[in-house]
Amino acid sequence: QVQLVESGGGLEQAGGSLRLSCAASGRTFTMGWFRQAPGKEREFVAAISTSGGITPYADPVKGRFTISRDNAKNTVYLQMNSLKPEDTAVYYCAAQSKPTFSSSSYRSLTAYDYWGQGTQVTVSS
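Residues numbered from 1 in each chain as written. Predicted model: local features only at pLDDT ≥ 70, side-chain atom pairs only at ≥ 80, totals over all residues. Heavy atoms only, no water.

**Regarding the environment of Q120**
Line of reasoning, step 1. Along the chain, Q120 falls in strand β10 (residues 119–124).
Line of reasoning, step 2. Judged by relative accessible area, which is 40%, Q120 ranks as partly exposed.
Line of reasoning, step 3. Every residue in contact with Q120, bar those within four places of it in the chain, is listed here: G9, G10, T88, A89 and V90.
Line of reasoning, step 4. In this structure the side chain of Q120 is engaged in a polar contact, spanning 3.5 Å, whose partner is the backbone oxygen of A89. (Helix = DSSP H or I, 4+ residues; strand = E, 2+ residues; numbered from the N terminus. Buried < 20%, exposed > 50% of the residue type's maximum accessible area, 1.4 Å probe, protein only. Contact = heavy atoms within 4.5 Å. Polar contact = N/O pair within 3.5 Å; in protein donor to acceptor, adjacent residues only side chain to side chain.)

**Considering the pairing of strand β6 (residues 65–70)**
Two faces belong to every sheet, and in a regular strand the side chains alternate between them.
Line of reasoning, step 1. Going residue by residue along β6, you find F65, I67 and R69 tucked away on one face and T66, S68 and D70 left uncovered on the opposite face.
Line of reasoning, step 2. Across six bridges, β6 lies against strand β7 (residues 75–80) in antiparallel orientation. Counted as the bridge partner of I67 is L78 from β7.
Line of reasoning, step 3. The turn linking β6 back onto β7 is made up of four residues, and N74 within it adopts a positive phi angle of 50°. (Pairing = 2+ DSSP bridges.)

**Here we look at the environment of V123**
Line of reasoning, step 1. You can see V123 is positioned in strand β10.
Line of reasoning, step 2. A sequence separation of 38 residues divides V123 from P85, and the C-alpha atoms of the two residues are 4.7 Å apart.

**As for the pairing of strand β4 (residues 31–36)**
Line of reasoning, step 1. Counting buried positions along β4 gives five out of six residues, so the element sits mostly inside the fold.
Line of reasoning, step 2. Note that β4 and strand β5 (residues 43–48) share five bridges and pair antiparallel. Each residue of the ladder has a partner; that of W33, found in β5, is A46.
Line of reasoning, step 3. Connecting the antiparallel pair β4 and β5 is a turn made up of six residues, with G39 showing a positive phi of about 80°.
Line of reasoning, step 4. Bridging between β4 and strand β8 (residues 89–95) involves six bridges; their strand directions are antiparallel. Bridge assignment links M31 to a residue of β8, and that residue is A95.

Take a look at the structure:
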């Protein structure tokens, strides 16, 4: 069982930046970030393939957020720039336990086997 621990959330003003980190206790394959705002369903934000060569993003964050990973450290990052109040949510790190060959699996919650506890991101206007 792999454990995921997120860090880096907090309170930021609109237009500012935050960097989230997620450290895995063991080997993982595709990793992703999801978020859940109050009263809403958990939604896909970004994902990164094992090699880092594939990085799909949700449309609302495209061009503002960047996902990256350091496999030597079993860590994935989410650099969030030009933050907006609508980015306010609990951000969850997720990881898959097997290689994937389906592009749709990057965005699907059910494709991920491990989840972190979440970190709060609040963006004030």
